[in-house]
Amino acid sequence: MVAMETLSKYSTWHHPYAPAKEFKKRTAYFSMEFAIHQGLKIYSGGLGFLAGSHMRSAYDLKQNIIGVGMLWKYGYYDQGRNKDQTLQTNSIEKNYHFLEDSGLEVEVAINGNSSVKVRAMVLRPDTFRSAPIYLLTTDVEGNDYLSRTITDYLYDANEQTRVAQSIVLGIGGAKIVELLGGADVYHLNEGHALPAFYYLRDKGIKKSQMVFTTHTPEKGGNEERDGYHLNRFGFFGRTLEESELQKEMVNGNTISYTVSALRMAKKANAVSKLHAKVSKSMWNGYGGANKIIPITNAQNLEFWQDKDFQKAWKKKDAKAFVKRKIALKKELFELVLDQTGKLFDPNVLTIVWARRFAGYKRADLLLHDMQRFQNILKNQKYPVQIIWAGKPYPMDFSAIDTFNYLVSFSKNEANLAVLTGYEIALSKKLKMGSDVWLNTPRITREASGTSGMTAAMNGSVNLTTNDGWIPEFAKDGKNSFVLPELKHTLPIEEQDKLDSAHLYKVLEDKVLPIYYDKPEVWQEIVFQAIADVVPEFTSERMARQYYEELY
């Protein structure tokens, strides 16, 4: 490991502020993605949005924390359209002239190559008002072609590349932190950087210094791989003896990233109270489940909330709030027109479903009973407009099929639109310009679901199943509309049938009549939602809670 010649202040542990006394523990926060700004495309979705808000609030609170992430050459992917408007995934090289070379470079061993170079570029705190974030790249002079491509794509489809990425983030990141002078606490935001824990343990870092956040009950989000393969690949920082490897494996020859992280961490957290219960039941029996506490996800108010909405809410000025909402709807509808050729009306109730396209999130739940859906679409008394947006994982062909189905169906309907380019900028526009934020995961499957928080901050009322963070927030009919809760053990087909029926009924009997016939009641719901989401679901609370309860 070498610190190259540099003038960067960030070649050592540095902040532009004196850390606040209550947040003085030096903490290194490892995450595969950070969504800090639209112009820094190193994120895919919720995990990145969460990490970005965390780093912004850490800066606001003067916390002694740094982020450790990856500098993805092509980002996740740029979402475009084929000739028939269906999904197209584009890989476009990104260049960020505002990043500073920290001057720090380390070497890691990957699959027989003992000297893969990893360089750290730094996002300075003054750029986007965040804690310093060290972004690792292998696209470095001296690396062979294969090594240089490790940091090309976030969540690369190639399994070997994914393992290599974990080694770069985990071991490469831990070595960079060593050069910075080390940390008191090493926090893994999800299991992607698991090799860090193995490397640090060998270096004498105590269990009391390692903490872990689990983000999803979904099997695909809890990575598992063959232990022998990982051992040969360099995942553990050294080659483990057979007896050592056996201790790490579960269910035969499998290394579960989540189980390993839970075992090695002093403490771990789930990202909502419900998710903590689900996680404990999932991992009970593997060891470590008893360490899981709830620290509910949150979002940065300063970054996400429209300032005019904030002023109108504080003054309880309904007229000013509605005027601003109409203006922001018009801005959003310019984009709808540009992408789809459809003229949306700012006086019409606008529903948005926008998040990562995944099967359990059920983007197409509204289309489950076509007759009921058409009745709502054609209702002249209570008109609606609906927008969908989100990025499917490029190899999730089922999710891509759902996206394309919605594109195809919406082409023939003047009041339906599917938008592409779901990143920070579009996410903001949708939250500020919608009246209803539709959230339809199958219960227990959504760990948190932070998009509804930022929607509520901007006067978009949650219409939702009672999952993730919602049980901690929702007062049905007062600050949101919640579908009757089903038993999550019901067959999936039964859940979808019942939830869609409930969704149509809540729309027809509550949402639409209140919006059109009782606008003053609607505005009370809007204001109550903001009051209940602020400050409880702001990342200032969350960043404090991490220091107080996890670190």
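Let us look at the structure shown here. These figures come from a predicted structure and were not determined experimentally.

### A look at the overall build of the protein chain
So, step 1. Helices and strands together make up the secondary structure of the protein chain, namely 20 helices and 20 strands.
So, step 2. Taken over the C-alpha trace, the protein chain has a radius of gyration of 23 Å; the compact-globule value for 551 residues is 24 Å, and the two agree within 12%.
So, step 3. Across its three principal directions, the C-alpha atoms of the protein chain cover 70 × 50 × 45 Å.
So, step 4. Counting across all 551 residues of the protein chain, residues that qualify as buried make up 61%.
So, step 5. At a minimum sequence separation of 6, the contacts of the protein chain that also span at least 24 residues come to 73%.
So, step 6. Carbon and sulfur atoms make up 50% of the accessible area of the protein chain, which totals about 21,500 Å².

### Section: the packing of aromatic side chains
Between two aromatic rings, the relevant description is the distance of the centres plus the angle of the planes.
So, step 1. If you walk through the whole model with that rule in mind, you get 31 aromatic pairs.
So, step 2. Aromatic side chains Tyr76 and Tyr77 sit 4.9 Å apart centroid to centroid with 40° between the ring planes, which places their arrangement in the tilted category. In this structure, Tyr76 and Tyr77 share a single accessibility class: buried.
So, step 3. One aromatic cluster is present, built from ring pairs that chain together Tyr382, Phe481, Tyr515, Tyr516 and Trp522.
So, step 4. For the cation-ring pair, Lys391 lies above Tyr77, with the distance from its terminal atom to the ring centre recorded as 5.0 Å.
So, step 5. Sitting over the ring of Trp304, Lys431 keeps its end group 4.4 Å from the ring centre.

### Description of the pattern of salt bridges
Side chains that carry opposite charge are capable of pairing whenever their charged atoms lie near each other.
So, step 1. In the structure shown here, the tally under the stated rule is 34 salt bridges.
So, step 2. Linking Arg362 and Asp499 is a salt bridge whose minimum nitrogen-to-oxygen distance equals 2.7 Å. Highlighted residues: Arg362 in the loop between β15 (349-354) and α13 (370-377) and Asp499 in helix α18 (residues 492-517), separated in sequence by 137 residues. Here Arg362 and Asp499 have matching classes, each one buried.

### Concerning helix α1 (residues 46-60)
So, step 1. Here α1 contains 15 residues, and its C-alpha end-to-end distance of 21 Å stays within 8% of the 21 Å for a straight helix at 1.5 Å per residue.
So, step 2. The element α1 is largely enclosed, with a buried count of 13 among its 15 residues.
So, step 3. Positive phi appears at Lys62, one or two residues downstream of α1, with a value of about 60°.

### Concerning the nonpolar core
So, step 1. If you look at the biggest cluster of nonpolar residues, it comprises 167 residues, and the most contacted ones within it are Leu366, Phe373, Trp388, Leu463 and Trp522.
So, step 2. In terms of residue count, helix α4 (residues 159-179) provides more of this core than any other element does, 9 residues in total.
So, step 3. Each residue touching Trp388, except ones within four places of it in the same chain, is listed here: Trp353, Ala363, Leu366, Leu367, Phe373, Leu406, Leu416, Ala417, Val418 and Leu419.
So, step 4. Membership of the second largest hydrophobic core comes to 15 residues, among which are Leu332, Phe333, Ala389 and Trp437.

### Overview of the pairing of strand β16 (residues 384-389)
So, step 1. Of all the 6 residues making up β16, 6 are buried; the element is thus mostly covered by neighbouring parts of the structure.
So, step 2. Side chains of β16 alternate between two faces, with Val384, Ile386 and Trp388 and Gln385, Ile387 and Ala389 buried alike.
So, step 3. Examined bridge by bridge, β15 and β16 share 6 bridges and lie parallel to one another. Bridge pairing in β16 links Ala354 to Ala389.
So, step 4. Regarding the hand of the β-α-β motif, the stretch spanning β15, α13 and β16 is right-handed.
So, step 5. Read as a crossover between parallel neighbours, the route from β16 over helix α14 (residues 397-410) to strand β17 (residues 416-419) is right-handed.

### Concerning the packing of helix α11 (residues 307-315) against helix α12 (residues 318-340)
So, step 1. Contact geometry of α11 with α12 gives a least axis separation of 9 Å together with a crossing angle of 160°. As far as their axial angle goes, α12 and α11 are roughly antiparallel. For the pair α11 and α12, the sense of crossing is left-handed. Packed against α11, whose contacting residues are Asp308, Phe309, Ala312 and Trp313, the element α12 presents Ala320, Phe321, Arg324, Lys325 and Leu328 at the interface.
So, step 2. Of the residues that constitute the contact of α11 with α12, the class distribution is 6 nonpolar, no polar and 3 charged.

### Describing the packing of α18 against helix α19 (residues 519-533)
So, step 1. For the pair α18 and α19, interaxial distance at closest approach is 5 Å and the crossing angle is 115°. The orientation of α18 with respect to α19, classified from their angle, is roughly perpendicular. In this structure, α18 uses Val511, Ile514, Tyr515, Tyr516 and Asp517 to contact α19, whose residues at the interface are Pro519, Val521, Trp522 and Ile525.
So, step 2. Among the residues making up the contact of α18 with α19, the classes are represented as 8 nonpolar, no polar and 1 charged.

### Description of the sheet that holds strand β18 (residues 436-439)
So, step 1. On the basis of which strands lie adjacent, the open sheet formed by 6 strands has the order β17-β16-β15-β18-β19-β20 and parallel pairing. The sheet is open, and its two edges are formed by β17 and β20 (480-482), each paired on a single side. Pairs of neighbouring strands in the sheet enclose a mean axial angle of 20°, with direction left out of account.
So, step 2. α18 contacts β15, β16, β18, β19 (461-464) and β20 of the sheet and is inclined by roughly 135° relative to β15.

How each quantity is defined
Residues numbered from 1 in each chain as written. Predicted model: local features only at pLDDT ≥ 70, side-chain atom pairs only at ≥ 80, totals over all residues. Heavy atoms only, no water. Helix = DSSP H or I, 4+ residues; strand = E, 2+ residues; numbered from the N terminus. Rg over C-alpha atoms; globule rule 2.2 N^0.38 Å. Buried < 20%, exposed > 50% of the residue type's maximum accessible area, 1.4 Å probe, protein only. Contact = heavy atoms within 4.5 Å. Areas by Shrake-Rupley, 256 points an atom, 1.4 Å probe, with all protein chains shown as cover. Phe/Tyr/Trp six-rings, centres within 6.5 Å; stacked < 30°, edge-to-face > 60°. Lys NZ or Arg CZ within 6 Å of the ring centre and 35° of its normal. Salt bridge = Lys/Arg side-chain N within 4 Å of Asp/Glu carboxyl O. Expected span 1.5 Å × (residues − 1). Core = buried A, V, L, I, M, F, W, Y, C linked by side-chain atoms within 4.5 Å. Pairing = 2+ DSSP bridges. Right-handed = clockwise from strand over helix to strand, strands pointing away. Axes fitted to C-alpha atoms, helices over the stretch in contact; angles between N-to-C directions. Parallel < 35°, antiparallel > 145°, perpendicular 65-115°, else oblique. Left-handed = near helix turned anticlockwise from the far one by under 90°. Nonpolar A, V, L, I, M, F, W, Y, C, P; charged D, E, K, R; others polar.

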